[in-house]
Amino acid sequence: MAMAVAGVACTRAAARSAALRLAAAADVSRHTPWPAASVLAATTHWMHTSTSHAARAWKSPCVRNLPLLDNECVVFPGEQAGFSLSDPAHQLMCQDIMGRPPRLRHIGVVKHKESKDLDHSLFGETDYLAEEVGTLVQVESLQSFAETDKPQLLATRAVGRFRVVKKRRLPWGYWSCTAAVVHDEPWTPETASALTTVKNLLWEYAQFSLLLNETKLQAFKRRLDKKAAEDATSFSLWVAMQLKTRLAQSEEGRQQCQHLLEARSADKRLELCQGILVERLEHLQTQQQPPAPSDGGSTPSN
């Protein structure tokens, strides 16, 4: 009985994967003259090569065949991120990744960007609508549903940063790339001073935000002290995550998050955080100032 149930489950999974592959291929075939045999051959080649390349992932300065997933805002290293995937090509990408060993289940998350000069040629370089610096995420779980029209829920953990070196669009619709691992430059003598400045500014900002909730404010203070005691790189990325909750509400703020991700040193990231916090604090202080009295013309009521 158990073997029969397992067999049915495997059959359903295979059927779903085949349906997604056909849907993705059909979506691509509307825009490209490639025959179905070419799509199938490319699919087979990807399945045989991706795992071997992923086995060397992040042990060398360059990684090949990293699947790319574009997102509205960046993900910072250390962040837990979830994605709802309804595109058949992205669902197929996740199913292929889930077939690998857990330690090799990596995806590159890149911020989506708009382009007024978009060339809609399917396999053209200008069809790549994402930033060149992204975040490596480790896939932790994938929740699928029997109904193919329901989105898949992908849970991930961000573990590093990368720069796109060379990208290509695969025949079934999503992008992959050759990626170079991005590391922070060494700290400088000014790093400790910048860290303290940003810590004090973030605490002042938290006091404005959590003014009426003393319990949450003290809990944040303990976490702030703990994070500031770690290294400058971890602290600067953690501060960026705190700012993201407010910055992600506008496209300008999301672009600021991208600049924070692209910063090549903790000093540069702390400098950017300091500028954002100063601007935010000035705005909050302006809002809390009482309005200036008007120049006459008003008669006190009796």
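All of these numbers come straight from a predicted model, not from anything done at the bench.

Considerations on the nonpolar core
At step 1: One finds F76, F235, W238 and V239 to be the most contacted residues of the largest nonpolar core, which totals 34 residues.
At step 2: Elements that contribute at least two residues to this core include exactly α4 (191-209), α5 (214-228), α6 (232-247), α7 (251-262) and α8 (266-288).
At step 3: Broken down by element, this core gets its largest block of residues, nine residues, from α6.
At step 4: When near neighbours in sequence (up to four residues on either side) are disregarded, F235 contacts L195, V198, K199, L224, K227, A228 and L270.
At step 5: Listed in part, the 19 residues of the second largest apolar core include L92, C94, V137 and A158.

A few points about the packing of α4 against α6
At step 1: Put simply, α4 and α6 touch, their axes get as near as 11 Å, and they point 25° apart. As summarised for this structure, α4 and α6 are arranged roughly parallel, according to the angle between their axes. Where α4 crosses over α6, the handedness of that crossing is left-handed. Residues T191, L195, V198, K199, L202, Y205 and S209 of α4 form the contact with α6, whose own contacting residues are A232, F235, W238, V239 and R246.
At step 2: Split by residue class, the contact of α4 with α6 holds eight nonpolar, two polar and two charged.

Some words on empty space enclosed by the protein
At step 1: Applying the stated criterion across every chain yields a total of two cavities of 30 Å³ or more.
At step 2: Here the second largest cavity defines a volume of roughly 40 Å³.
At step 3: Those elements giving two or more residues to the lining of the second largest cavity turn out to be α6 and α8.

Considering the pattern of salt bridges
At step 1: Taken as a whole and judged by the stated rule, the model has 11 salt bridges.
At step 2: The residue R254 makes a salt bridge to E72 at a minimum N-O spacing of 3.8 Å. In this pair, R254 sits in helix α7 while E72 sits in the loop between β1 (62-71) and β2 (80-85), placing the two residues 182 residues apart along the sequence.
At step 3: Note that D184 and R269 form a salt bridge whose closest N and O atoms lie 3.0 Å from each other. Remark: R269 occurs in helix α8 and D184 occurs in the loop between β6 (175-182) and α4; sequence separation between them is 85 residues.

Reading the values: the criteria
- Position numbers for residues count from 1 along each chain, tracking the sequence in the order it is written.
- Residues qualify for local features only when their pLDDT is at least 70, as the model is predicted, and side-chain atom pairs are given and counted only at 80 or more; totals for whole chains, interfaces and linings, by contrast, use all residues.
- To obtain the side-chain values, all non-hydrogen atoms of the structure were included, while hydrogens and water were left out.
- We call a set of buried residues a nonpolar core when its members are Ala, Val, Leu, Ile, Met, Phe, Trp, Tyr or Cys and they connect through side-chain atoms within 4.5 Å of each other.
- Here's how the labels work: a residue is buried when its accessible area is under 20% of the maximum for its type, exposed when over 50%, partly exposed in between, all with a 1.4 Å probe on protein chains only.
- Secondary structure elements follow DSSP: runs of H or I no shorter than four residues count as helices, runs of E no shorter than two count as strands, and numbering proceeds from the N terminus.
- Note on contacts: a residue pair qualifies if any of its non-hydrogen atoms lie within 4.5 Å across the two residues.
- Axis definition: a line fitted to C-alpha atoms, over the contacting stretch in the case of helices. Angles run 0 to 180 degrees between N-to-C directions.
- Small angles under 35 degrees read as roughly parallel and large ones over 145 as roughly antiparallel, with 65 to 115 read as roughly perpendicular and the rest as oblique.
- Each crossing gets its hand from how the near helix is turned against the far one by less than a right angle, where anticlockwise is left-handed and clockwise is right-handed.
- When residues are sorted by character, Ala, Val, Leu, Ile, Met, Phe, Trp, Tyr, Cys and Pro go into the nonpolar class, Asp, Glu, Lys and Arg into the charged class, and all the rest, Gly among them, into the polar class.
- In this analysis a 1.4 Å probe is tested at points of a 1 Å grid over the protein atoms alone, and where it fits but cannot get out there is a cavity; an open set with protein on both sides within 12 Å along at least five of seven lines is a pocket; lining residues have an atom within 4 Å of a point.
- Grid points are joined across faces, edges and corners, and a volume is the space filled by probe spheres set on the points.
- By convention in these notes, a salt bridge is any Lys or Arg side-chain nitrogen within 4 Å of a carboxyl oxygen on Asp or Glu.

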